[in-house]
Each structure stands twice: as structure tokens, then as C-alpha cells.
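Residues per chain are reported as follows:
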Amino acid sequence: MLSSRGMNEINQPVTTPEKPKKNWFSTHGEILSTIGILIAAPVLAILLTIFVFQSYEVDGPSMETTLQDNDRLIVNKLGKTWTKVNGSDYIPDRYSIIVFHSHSSFSANGENKQLIKRVMGIPGDRVVISKGLVKLFNSENPAGFSPDEQGPQAGVIENTTGNLDETVEDGEVFVMGDNRENSLDSRNFGPVKSSDIVGELSFRIFPFNSIKHF
């Protein structure tokens, strides 16, 4: 048998564990994260503007008194984006206020720009303008009805100039400004194609004392 008596004690040296070496990614992780955020933020903003919503400023009196010159608006593009995905036509509801691409033939100076108007006629509607009044005829209203007496613009419209009798085809909407005396709209350039519609007015965000959800 072995005895521990008379044996010398041996002290084991105490070793300090080495700190793990940092690799390049752990050393520069914060920098990479910051760079990633700086890149992702503007890309996300661009994607939101293209596919979700966009800010606009009203230029002109054609939608008075509903909208005023220099009003700041938020236009919802989700409906248009979804129809692009599923390959269908984007047809906003009657009375919606929409932004759409104009063509050079729409404007007197030949500019291509975007316009904002109210949807009055949808596919299948027969739009008749006569003696200062608008009437719509469709399968639900064979005797016709006056949209200016029923829509949100009721009480704003006093007179609608022009003489017209036109049926709105599939994939189109008939638009007019609420300021009928001073509006270039479907009375002049005909119905607007679904492919030209940008989106639907959702909010007025300025002036602050006139913030409104549409």
C-alpha cells in the first residue's frame, strides 16, 4: 500500500484560460449592422412609395371645395398593387377620389402629369350630362339617378357644364372634379383606364386643422 506520509506535495501551476480570439465579423459587427440599416431604410422607403402609399400636394382648384390648392395628401396604392399581382383591373368604388396618370393629350400644354379627380362612373354605367345635371343609368338603376344628390359631394356641385352621353367600358372609370366649372376631366378626355390609376386618396395630412380620412 502506498502512504502519503513523507511524500512531497506538488503544486499544480494555475493557468488562466485564453480569451477567444475575435474574428473579423465579431469585431466589425456593429459597423456592418449600421451600414445595413442605412441601406435598408431608403430601400424600404422607396418600396413603400412604389407599392403602398405616396404623398402628394394638390396643385390647382379642380377639386374645390373638397380639396384646396396646396393640401398635402396620402394616397393608398395597395389596391392597385394587389390587382397587378393577380392580373385584374383596378376599379375603385364610385365617389372615390383617385390619382391617375394623365397623357399629353389631356392637358392644354401637352404635359404628362398626374391628376386627382372623383370617380363618378364605373364599368357598365351610362353617363348622361345635360342641362347642367349628371345622371347615371345602369342595371340597378334603369331609370337613372343623380350621383351629385347622393354622393359625398352632394351640396357642393351647383352646375355641371357640357353635353355628353357615354357608356363606361370594362377596365375604365369616368372621373370629374368637384369644381365642375374649372376641371379638366372625363368630359374632356374620356374615361380613365385602370392601367393609368395610381391609387385612392386616403388622408389629408395638411393643413393640420383640416386633417381628414377619406
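Below, the structure is looked at part by part. All of these numbers come straight from a predicted model, not from anything done at the bench.

What follows covers the sheet that holds strand 5 (residues 126-130). Spatial ordering of the open sheet is given by 6-5-7, a layout of 3 strands whose pairing is antiparallel. Each edge of the open sheet carries a strand with a single partner, namely strand 6 (133-137) and strand 7 (164-167). Each neighbouring strand pair of the sheet contributes to a mean axis angle of 15 degrees, computed without reference to strand direction. Note: strand 5 against strand 6, 5 bridges, orientation antiparallel. Within strand 6, the residue paired with Val128 across the bridge is Lys135.

The next subject is unusual backbone geometry. Excluding glycine, residues mostly have negative phi values, and the peptide bonds linking residues are mostly trans. Residues Glu64 and Thr65 are joined by a peptide bond in cis, for which omega reads 5 degrees. Looking at where Thr65 falls in the secondary structure, it is placed in the loop between strand 1 (53-57) and strand 2 (72-76). The amide bond that connects Phe206 to the next residue, Pro207, takes the cis arrangement and shows omega of 5 degrees. One non-glycine residue, Asn70, adopts positive backbone phi at about 80 degrees. Secondary-structure assignment places Asn70 in the loop between strand 1 and strand 2.

Once that is clear, we can look at the pairing of strand 5. Between the antiparallel neighbours strand 5 and strand 6 lie 2 residues, among them Lys131 with a positive phi of about 55 degrees. Bridging between strand 5 and strand 7 involves 4 bridges; their strand directions are antiparallel. The residue of strand 7 that forms the bridge with Val127 is Glu166.

Basis of the calculations
Residues numbered from 1 in each chain as written. Predicted model: local features only at pLDDT ≥ 70, side-chain atom pairs only at ≥ 80, totals over all residues. Heavy atoms only, no water. Pairing = 2+ DSSP bridges. Helix = DSSP H or I, 4+ residues; strand = E, 2+ residues; numbered from the N terminus. Axes fitted to C-alpha atoms, helices over the stretch in contact; angles between N-to-C directions.

Purely spatial values, then, with no claim about function.
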